[in-house]
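# A look at the structure
Chain by chain, the residues run as shown.
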Amino acid sequence: MKDLRPIIWDDDKKELILIDQRKLPHKLEYFICKTYEDVAFAIKDMVVRGAPAIGISGAYGLALAEIKGDDIYKAYNILKNTRPTAVNLFWALDRCLEAYKKGKSILDEAKKIHEEDIETCRKIGMIGEKLIEDGDTILTHCNAGALACSAYGTALSVIRFAFYNGKKIRVIADETRPRLQGAKLTAFELSYEGIPVKVITDNTAGFLMQKGEIDKIIVGADRILADGTVYNKIGTYSLAVLAKYHNIPFYVAAPLSTFDLKSSEEDVIIEERSEDEVAYIDGVRIVPENVSCYNYAFDKTPPDLITAIITEKGIVKPKKDDILKLFR
Ligand code: MRU
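Overview of the structure. (Residues numbered from 1 in each chain as written. Predicted model: local features only at pLDDT ≥ 70, side-chain atom pairs only at ≥ 80, totals over all residues.)

### Here's the deal with the pairing of strand β15 (residues 308-311)
The condition is simple: Any two strands with at least two DSSP-identified bridges between them are counted as paired. We count a stretch as a helix when DSSP gives it H or I for four or more residues in a row; a strand needs E for two or more, and each element gets its number in order from the N terminus.
Bridge count for strand β10 (residues 250-253) against β15 is 3 bridges, and the pairing is parallel. Among the inter-strand pairings, Val252 is bridged to a residue of β15, identified as Ile309. Between the antiparallel neighbours β15 and strand β16 (residues 314-316) lie 2 residues.

### Topic: the packing of helix α3 (residues 72-80) against helix α4 (residues 87-101)
Heads up, the condition is: Each axis is a line fitted through C-alpha atoms, and for a helix only the stretch in contact is used; angles between axes span 0 to 180 degrees, taken between their N-to-C directions. Angle categories: roughly parallel below 35 degrees, roughly antiparallel above 145, roughly perpendicular from 65 to 115, and oblique for all the rest. Once C-beta atoms have been placed from the backbone, residue pairs whose C-beta atoms lie within 7 Å are recorded as contacts. Amino acids are sorted into nonpolar (Ala, Val, Leu, Ile, Met, Phe, Trp, Tyr, Cys and Pro), charged (Asp, Glu, Lys and Arg) and polar (every other residue, Gly among them).
Their axes nearest at 10 Å, the elements α3 and α4 cross at an angle of 170°. One element, α3, and the other, α4, form an angle in the roughly antiparallel class. Each of Ile72, Tyr76, Leu79 and Lys80 in α3 lies in contact with α4, whose residues at this interface are Leu89, Phe90, Leu93, Leu97 and Tyr100. Classifying every residue of the contact of α3 with α4 gives 8 nonpolar, no polar and 1 charged.

### Structural notes on the site of the ligand
Keep this limit in mind: Working rule for contacts: place C-beta from the backbone, and if it is within 6 Å of a molecule or strand, that residue counts as near it. Boundaries of every domain are those given by an automatic assignment or by a domain database.
Near the ligand you find 18 residues, and of these Arg49, Ala51, Ala148, Gly220 and Lys233 are the closest. Looking at the shell around the ligand, the elements that each hand over two or more residues are α2 (51-68) and β9 (230-233). Looking at the shell around the ligand, you find at least three residues from each of domain 1 (7-120) and domain 2 (127-326).

### Examining the sheet that holds β10
Taking strand neighbours across the sheet as the criterion, the 7 strands line up as β6-β5-β4-β7-β10-β15-β16 in an open arrangement whose pairing is mixed. At either margin of the open sheet sits one strand with a lone partner, and together these are β6 (197-200) and β16. Neighbour-to-neighbour, the strand axes of this sheet turn through a mean angle of 25°, independent of strand direction. Across the sheet, helix α5 (residues 106-128) is in contact with β10, β15 and β16; its angle to β15 comes to roughly 135°. Across the sheet, helix α6 (residues 155-164) is in contact with β4 (137-140), β5 (170-174), β7 (216-219), β10 and β15; its angle to β7 comes to roughly 130°.

Written as structure tokens, this is what we have:
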């Protein structure tokens, strides 16, 4: 087992050290955050990405504001406005702000959130791996791995623990246009550990399902509503529809910090990123100058397309009663 840790807190220097995910897979470089503004930039520019990882980073960002004597409420708002969809960011910032209001150390709270996430991801893997059979080929989308969390990942933790337990599995990673988290990050972190992985273009997924080559699909989530509606990387919904048509189990792996029991669909903002991410490949424009592009970063998958949700507290059906029980 090779330990990939995308977020490191340097307690001596009081700095947040992040793997610079914009540089992977070619360079394993680190991005140092000395201020909360550095952290806000890192989240916005996707130096760090993935729902749990931006939550943990946001928490350390608020801790940096505390350490530097900055206005905590201003820092909170700036960090909160970096990315709108993943609820883990708001959950972690709110937890830190609550601690601050009670006179507690924000840094201690951030460290707690970070440590808890490692254990949570480990549990998701140990619980979820029971769903995986020897010989399975598993399709995943985007990167719901160690790089998206503190360690192990969510969807990739399930895959990792199946592999650690000796199951012979194969992973198919969607490249995940336009930021290519599947091709760049999932392929990097699985091959780094020697887990067999093959990358496909996003539009190959249906053909592989039709050929009978996919046994299971496991993805992560950025937000899950009380009724089991899942928000995740754009393209997740298309996969879920295809999975239903082909009778392939479709699993979502996520920690309880990804559940948003208060919001309804109207409250959720789907992030729209720069059109340039779609229009340009490697700095070269591929779309005619006079044509604009859609660049939605996430989509919405209704509960009836989801087989089950794997959490650190167990595996549940995407149904309100079952989900609420997780929080009792
Ligand atoms: O835009 P990103 O790379 O932050 O999107 C990440 C995803 O959609 C992941 O699937 C999700 O955050 C789950 S991470 C365990």
